[in-house]
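Residue-level structural notes
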Amino acid sequence: MRKVAMVGAGMTKFVRRALETPKELSYEAAKTTLDSCGLSLDDVDCVAHGTAPDAFDGIHQNGEYMTCGSGGWNKPSMRVFVGGATGVHAIVHGWHHVASGMFDTCLVVCEEKMSSAMPHAQGFFLTIFDSITERALQPNLLWIFALEMNRYMERYGYTKEDMALAAVNNKRNGLKHPASQFADEVSVEDVINSEMLAYPVSRLDVSPVSDGAAAVLLAAEPVARRLTDKPVWLEGVGWNLDTAYWATRDLSYPRYLDKAARMAYEMAGIREPDKQIDIAEPYDPFDYKALHHMEGLQLSPRGKTVELLRDGHFGMDGNMPMCPSGGLLGVGNPIAAAGTMKVCELYWQLRGEAGERQVPGNPRLGLAQAWGDLMQVSSVVVAGI
Amino acid sequence: MEEKVKVSGGTGLSGEDIKSGKIFLMDDSLDCAYAWDTGVAINRYLSELQKGRIIATKCRKCKRVMLPPRLFCELCYVPSNHWVYVQDTGVINTYSICHVHWDASRIGENEKPYLPAVIEIDGASDGMGIMHLLGEVDPDDLKIGMRVQAVWKPENERIGSITDIKYFKPI
């Protein structure tokens, strides 16, 4: 296997409703990424393009439709789709292309436009439930999160205040991200007092609906060293998929993520992730999920994450800043693009280019993770400089 | 420290931009229809629900009593065609009190919140839960670990569906 590095990154602003079409959003992110490393589309050997359900756009075979926006026309181009985990999995997919020796460069572009779906994108997630044994109950996407959050809180005696701390942390970080769709700081009280959607989930426990795109350029070692003196290496990748029988699993612990993380650590030669990883970007569509994922990633002991968060361990000046980008809660959640935004953050943070929200102390090793489907899938990338 | 974060595009629209006609929209709707075959295992499950009973399959290899029943054990990857009845009682593994409809619209003042739950069914293996609804309970009284029992629809109203159980109520 060849060593693979990130040599460029770029993204659009994340907004509630964008003027741009999905193709235009993909183009903006991809073009900005190419410009960031002084390359043109001719320098791109292949494209990995990610977008989540076709139903959001109402366009069947959406990946093919999108190829001119993602730069994939007349090239080996493939769509990646593993639900919410798409944004990180597309990076894993691109890594395969380059590590295998087939291609010297791969442009990874992930896009989501959720605002087209009427009356609300959430409605389209109904088809994720088992068509016969669950959909007859007229479920709501929020149910699976509410059920998992309640089980997780019960297992460790966490409170709603505890969970809100993660929302406050991430949203505060996100205020410094130039692509964020938010402008206001929130307090634990704001989260607790926000509208109750599905106990224990309140409005501010949840990331927003967003439109946006993000991209990364991957290159094989010799090319990467020619392009930049600061390549950000993909040190480890991992992914895992559990069964769809979600109600028969222990919802308090994501065992598929445990497996995905260990796969990435083994490849990266990491034995003590909680000590070795400098910055963590766990997937945070809901505040509790950031904490749940920190435990699955072995970055925090089970049931001790809130204590560490309270002690500042995961703050910007702590031992392992959590979601320095602001995450989905602080920047926005255009599904596939949100995961790639986390990988972009590793690129900027490890190169020392994150500006106002730069993590101090020259972080050298970072992790990004995304999650999706019926409590089922996770993809993990470990990057280092 | 110099910021080199590259951001371009993502032009935010307001409701006013759309209402005022500044932005053109193209509306469309899809009307998709499906008729799903229920399959070997779930067909038997549904036919037993119609009779007021819950049936599971047991894996002869790992001995798990599995709900919903399945044609094969996904862990051992062998057939699981040994059928066993389980109870219509169980324990709340987790629950929610949901104030929004499937499309994120809010429930009305006179509507009761949805009470979805994962219920671990007595007689199935540990942790084998199914998603269903709770009823005949004040939401504030709900607790994880509470024992519940199925409330069945009258026999002549059962159609061979998971909804032949109206909901589970505390016992």
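This text goes with the structure placed above it.
In this text the structure is predicted, and so the values were computed from the model without any measurement.

Calculation rules
- Residues numbered from 1 in each chain as written.
- Chains lettered and ligands numbered in written order.
- Predicted model: local features only at pLDDT ≥ 70, side-chain atom pairs only at ≥ 80, totals over all residues.
- Helix = DSSP H or I, 4+ residues; strand = E, 2+ residues; numbered from the N terminus.
- Rg over C-alpha atoms; globule rule 2.2 N^0.38 Å.
- Buried ≥ 20, exposed ≤ 12 C-beta atoms within 10 Å, placed from the backbone.
- Contact = placed C-beta atoms within 7 Å.
- Nonpolar A, V, L, I, M, F, W, Y, C, P; charged D, E, K, R; others polar.
- Pairing = 2+ DSSP bridges.
- Expected span 1.5 Å × (residues − 1).
- Axes fitted to C-alpha atoms, helices over the stretch in contact; angles between N-to-C directions.
- Arc of directions from axis to C-beta.
- Core = buried A, V, L, I, M, F, W, Y, C linked by C-beta atoms within 7 Å.
- Parallel < 35°, antiparallel > 145°, perpendicular 65-115°, else oblique.

Here we look at the overall build of chain A
When helices and strands are tallied, chain A shows 15 helices and 11 strands. Against the globule reference of 21 Å for 385 residues, chain A gives a C-alpha radius of gyration of 19 Å, in line with a compact fold. For the C-alpha atoms alone, the extent of chain A along its principal axes is close to 50 × 45 × 40 Å. Every one of the 385 residues in chain A was classed for burial, and the buried ones make up 63%. Partitioning the contacts of chain A with sequence separation of at least 6, the portion at a separation of at least 24 is 78%.

Some details on the interface of chain B and chain A
Taken residue by residue, the interface counts 46 residues in chain B and 59 residues in chain A. Elements supplying a minimum of two residues to the side of chain B that touches chain A: strand 6 (89-95), strand 7 (97-98), strand 8 (116-121) and strand 9 (129-133) of chain B. Take the side of chain B that touches chain A: its biggest share by element is five residues, from strand 9 of chain B. For the side of chain B that touches chain A, a count of residues per class yields 23 nonpolar, 16 polar and seven charged. The sheet contact formed by strand 5 (residues 196-199) of chain A and strand 7 of chain B spans two bridges and is antiparallel. The partner of Tyr199 of chain A across the bridge, within strand 7 of chain B, is Ile97 of chain B.

Observations regarding unusual backbone geometry
Looking along the chain, the bond that leaves Met118 of chain A and enters Pro119 of chain A is cis, with omega of -5°. Structurally, Pro119 of chain A can be placed in the loop between strand 4 (105-113) and helix 6 (141-156). Residue Pro68 of chain B is bonded to the preceding Leu67 of chain B through a cis peptide linkage, with omega at -15°. Mapped onto the secondary structure, Pro68 of chain B falls in the loop between strand 2 (65-66) and strand 3 (72-73). The phi dihedral of Asn362 of chain A falls on the positive side, at around 45°, and the residue is not glycine. Mapped onto the fold, Asn362 of chain A is located in the loop between helix 15 (335-350) and strand 10 (365-372). Residue Asn362 of chain A is classed as exposed on the basis of its 11 C-beta neighbours within 10 Å. Positive phi, normally seen in glycine, also occurs at Met375 of chain A, with a value near 50°. Judged by the 22 C-beta atoms lying within 10 Å of it, Met375 of chain A falls in the buried class.

Quick notes on helix 5 (residues 86-99) of chain A
All names here are of chain A. Along its 14 residues, helix 5 runs 19 Å from first to last C-alpha, staying within 8% of the 20 Å computed at 1.5 Å per residue. Among the 14 residues that make up helix 5, 12 are buried, leaving the element largely enclosed by the rest of the structure. Those residues of helix 5 not exposed but buried are Thr86, Gly87, Val88, His89, Ala90, Ile91, Val92, His93, Gly94, Trp95, His97 and Val98. Phi for Gly101, located one or two positions after helix 5, is positive at around 95°.

Quick notes on the sheet that holds strand 1 (residues 4-11) of chain A
Across a sheet, strands are paired by hydrogen bonds formed along the backbone, either parallel or antiparallel in direction. Residue and element names in this part refer to chain A. A sheet is described by the order of its strands in space; here nine strands give the open sequence 3-2-4-7-1-8-11-10-9, paired in mixed fashion. Two strands lie at the open edges of the sheet, namely strand 3 (77-80) and strand 9 (279-281), each paired on one side alone. Each neighbouring strand pair of the sheet contributes to a mean axis angle of 25°, computed without reference to strand direction. Along the sheet face, helix 1 (residues 22-36) touches strand 1, strand 4 and strand 7 (211-220) and points at about 40° away from the line of strand 7. Packed onto the sheet, helix 5 meets strand 1, strand 2 (46-50), strand 3, strand 4, strand 7, strand 8 (232-241), strand 10 and strand 11 (377-384) and runs at close to 165° relative to strand 4.

Section: helix 10 (residues 255-268) of chain A
Residues and elements named next belong to chain A. For helix 10, which comprises 14 residues, the first-to-last C-alpha distance of 20 Å matches the rise-based estimate of 20 Å (1.5 Å per residue) to within 8%. Considered for burial, the residues of helix 10 that qualify are Tyr256, Leu257, Ala260, Ala261, Ala264, Tyr265 and Ala268. Along helix 10, the residues classed as buried sweep out an arc of 165° about the axis, all on the same side. Where helix 10 ends, the next residue or the one after it, Gly269, has phi of about 70°, a positive value.

Here's the deal with the nonpolar core
All names here are of chain A. Met6, Val108, Val216 and Val381 are the most contacted members of the largest nonpolar core, which has 171 residues in total. In terms of residues, this core owes the most to one element, helix 15, which gives 11 residues. With residues up to four places along the chain from it excluded, the contact list for Val381 reads Val88, Ile91, Val92, Leu234, Val237, Ala264, Val343 and Ala368.

Notes on the sheet that holds strand 11 (residues 165-170) of chain B
Residues and elements named next belong to chain B. Strand order in the open sheet formed by five strands is 9-8-6-10-11, and the pairing between neighbours is antiparallel. Every other strand in the sheet has two partners, leaving strand 9 and strand 11 as the edge strands with one partner each. Averaged over all pairs of adjacent strands, the angle between their axes in this sheet comes to 45°, without regard to strand direction. Across five bridges, strand 6 lies against strand 8 in antiparallel orientation. Directly across from Tyr95, in strand 8, lies its bridge partner Ala117.

Observations concerning the pairing of strand 1 (residues 54-58) of chain B
Residue and element names in this part refer to chain B. Inspection of the sheet shows strand 1 paired to strand 5 (residues 82-86) by five bridges, in the antiparallel sense. Residue Ile55 lies in a different strand from strand 5, and its bridge partner there is Tyr85. Pairing analysis gives two bridges linking strand 1 to strand 2, with the strands arranged antiparallel. Across the sheet, the residue bridging to Thr57 is Met66, located in strand 2. As consecutive antiparallel partners, strand 1 and strand 2 are separated by six residues, and within that stretch Lys63 has a phi angle of approximately 70°, a positive value.

Here's the deal with the packing of helix 5 of chain A against helix 15 of chain A
Residues and elements named next belong to chain A. Relative to each other, helix 5 and helix 15 sit at 60°, their axes nearing to 6 Å. Here helix 5 is positioned oblique relative to helix 15, judged by the angle of their axes. Taking contact as the criterion, the partners of Thr86, Gly87, Val88, Ala90 and Ile91 in helix 5 are, on helix 15, Ile335, Ala336, Ala337, Ala338, Gly339, Thr340, Lys342 and Val343. Class assignment for the residues of the contact of helix 5 with helix 15 results in eight nonpolar, four polar and one charged.

From the geometry alone we can't say anything about function, so treat these as descriptive.
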